[in-house]
Amino acid sequence: MPPFLTTPGLQWRGIAPPLALSDYRVIAFDMDSTLISIETLDEMADLMGKKADVAALTEAAMRGDIADYKQSLRERVALLAGMPETLLDTVYEQRVKINPGAETLIKACKAAGLTCLLVTGGFTCFTDRLRVRLGLDDVRANVLEVVDGQLTGRLLPQDWGDLCDGEEKRRKLVDVCAALGVGPERAIAVGDGANDLPMMRAAGLSVGYHAKPAVRREVNVSIDHGGLDRLLELFA
C-alpha cells in the first residue's frame, strides 16, 4: 500500500478524492465498534459478571491474533449459557449507542442510491432492531439459541451457513453486488477489526473506523478521529 495522505483524523491512499457516491452501489457496515460504540457480546458478558474473560477473547480476535474466529466466537458465546433472554433487551436499551455520524452517512448513501448492509459476527436480537432504526436494506448476523427464556450458549445454523465470520461477510457483500448486477469494486466496506478484512479486500473502497492496526495497514481510508460521516469529506 502507498503511504497515507492525511487531514487531521482522516487518512486515505490509493484513491483520488473527490469521489462520487453514485459510483458505488453497495455499502457494508460491521456492527460492533463500527455502527455502534460497544462490543455487544462483551456487554452481555458484563451483565453475567464475565466481561473480563470475554473481552480479552474479543480483543484478540479483532486484532487478528486468533486464527479460528468461528471457534473463538463459539467459546465466547458458550460462556453466556444461562443468561436470561430479558437481559438482551437491557443491553440494547441501555448500552447500544449509534456511533457519531452513522445516521448521516447512511442517509447520504441511501440518497445516492446505495444498498446499505449490516454484516456482523453479532446477533440478530440487536441487528433486527438496528435494521429498522437505521433504515438498512439487508443484514447478515448470527442467531443465539434460547430455550425456556435462557441462552443455551450455542448459535443456531441458518439456511446460508453455520456462522457469520469474516468470510461470510465477504460472501454476503459479493452476493448482494451480483444481485444488483455490479462487481464488488463498486462496494464500500466499513469496519474496525480483523474479521472485516475479507470483505474489505473484496470491496472497491475499504474504510477503517477507529480500526485495529491490522486493518489500518490495509484500508484505503482510515477514520481515526470523529464520526463515520467523515467519510463524506472524500466525496464531492
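Anything mentioned here points back to the structure above.
What counts, and at which threshold
- Residues numbered from 1 in each chain as written.
- Predicted model: local features only at pLDDT ≥ 70, side-chain atom pairs only at ≥ 80, totals over all residues.
- Heavy atoms only, no water.
- Pairing = 2+ DSSP bridges.
- Helix = DSSP H or I, 4+ residues; strand = E, 2+ residues; numbered from the N terminus.
- Axes fitted to C-alpha atoms, helices over the stretch in contact; angles between N-to-C directions.
- Buried < 20%, exposed > 50% of the residue type's maximum accessible area, 1.4 Å probe, protein only.
- Contact = heavy atoms within 4.5 Å.
- Left-handed = near helix turned anticlockwise from the far one by under 90°.
- Nonpolar A, V, L, I, M, F, W, Y, C, P; charged D, E, K, R; others polar.
- Arc of directions from axis to C-beta.

Things to note about the sheet that holds strand S1 (residues 5–7)
At step 1: On the basis of which strands lie adjacent, the open sheet formed by 9 strands has the order S1-S2-S9-S8-S7-S3-S4-S5-S6 and mixed pairing. The strands lining the two open edges of the sheet, one partner per strand, are S1 and strand S6 (150–156). Geometrically, the sheet is characterised by an average inter-axis angle of 20° between neighbouring strands, direction not taken into account.
At step 2: Sheet topology note: the strand S2 (residues 10–12)/strand S9 (residues 221–223) ladder contains 3 bridges and is antiparallel.

Focus: the environment of aspartate 192
At step 1: In this structure, aspartate 192 sits in the loop between strand S7 (187–191) and helix H8 (197–202).
At step 2: Classification of aspartate 192 as buried rests on a relative accessible area of 1%.
At step 3: For the pair aspartate 192 and cysteine 177, spaced 15 residues apart in sequence, the C-alpha separation works out to 22 Å.
At step 4: Filtering out sequence-adjacent residues up to four positions away, aspartate 192 remains in contact with Asp30, Asp32, Ser33, Thr34, Glu39, Tyr209, His210, Ala211, Lys212 and Val215.

Quick notes on the packing of helix H4 (residues 86–94) against helix H6 (residues 124–134)
At step 1: Between H4 and H6, whose axes approach to 10 Å, the crossing angle comes to 35°. Where H4 crosses over H6, the two elements pack in a sense that is right-handed. On H6, the residues that touch Leu88, Asp89, Val91, Tyr92 and Glu93 of H4 are Cys125, Phe126, Arg129, Leu130 and Arg133.
At step 2: Taken together, the residues of the contact of H4 with H6 sort by class into 6 nonpolar, no polar and 4 charged.

Some remarks on the environment of methionine 48
At step 1: Relative to the elements of secondary structure, methionine 48 occurs in the loop between helix H1 (40–47) and helix H2 (51–63).
At step 2: We classify methionine 48 as partly exposed; its relative accessible area is 26%.
At step 3: Between the alpha carbons of methionine 48 and leucine 80 there is a distance of 7.2 Å; along the sequence they are 32 residues apart.
At step 4: Non-local contacts of methionine 48, meaning those with residues more than four positions away in its chain, are made with Leu80, Ala81, Gly82, Met83, Pro84 and Leu87.

Considerations on helix H5 (residues 102–111)
Side chains three or four residues apart in an α-helix point the same way, a direct result of the helix having 3.6 residues per turn.
At step 1: Burial in H5 covers these residues: Ala102, Leu105, Ile106 and Cys109. Looking straight down H5, one finds its buried side chains confined to an arc of 95°; they lie on one side. Exposed side chains of H5 directed beyond 90 degrees from the buried face belong to Lys107 and Ala111.
At step 2: Glycine 113 lies just past H5 and shows a positive phi near 90°.

Don't take any of this as a statement about function, it's just geometry.
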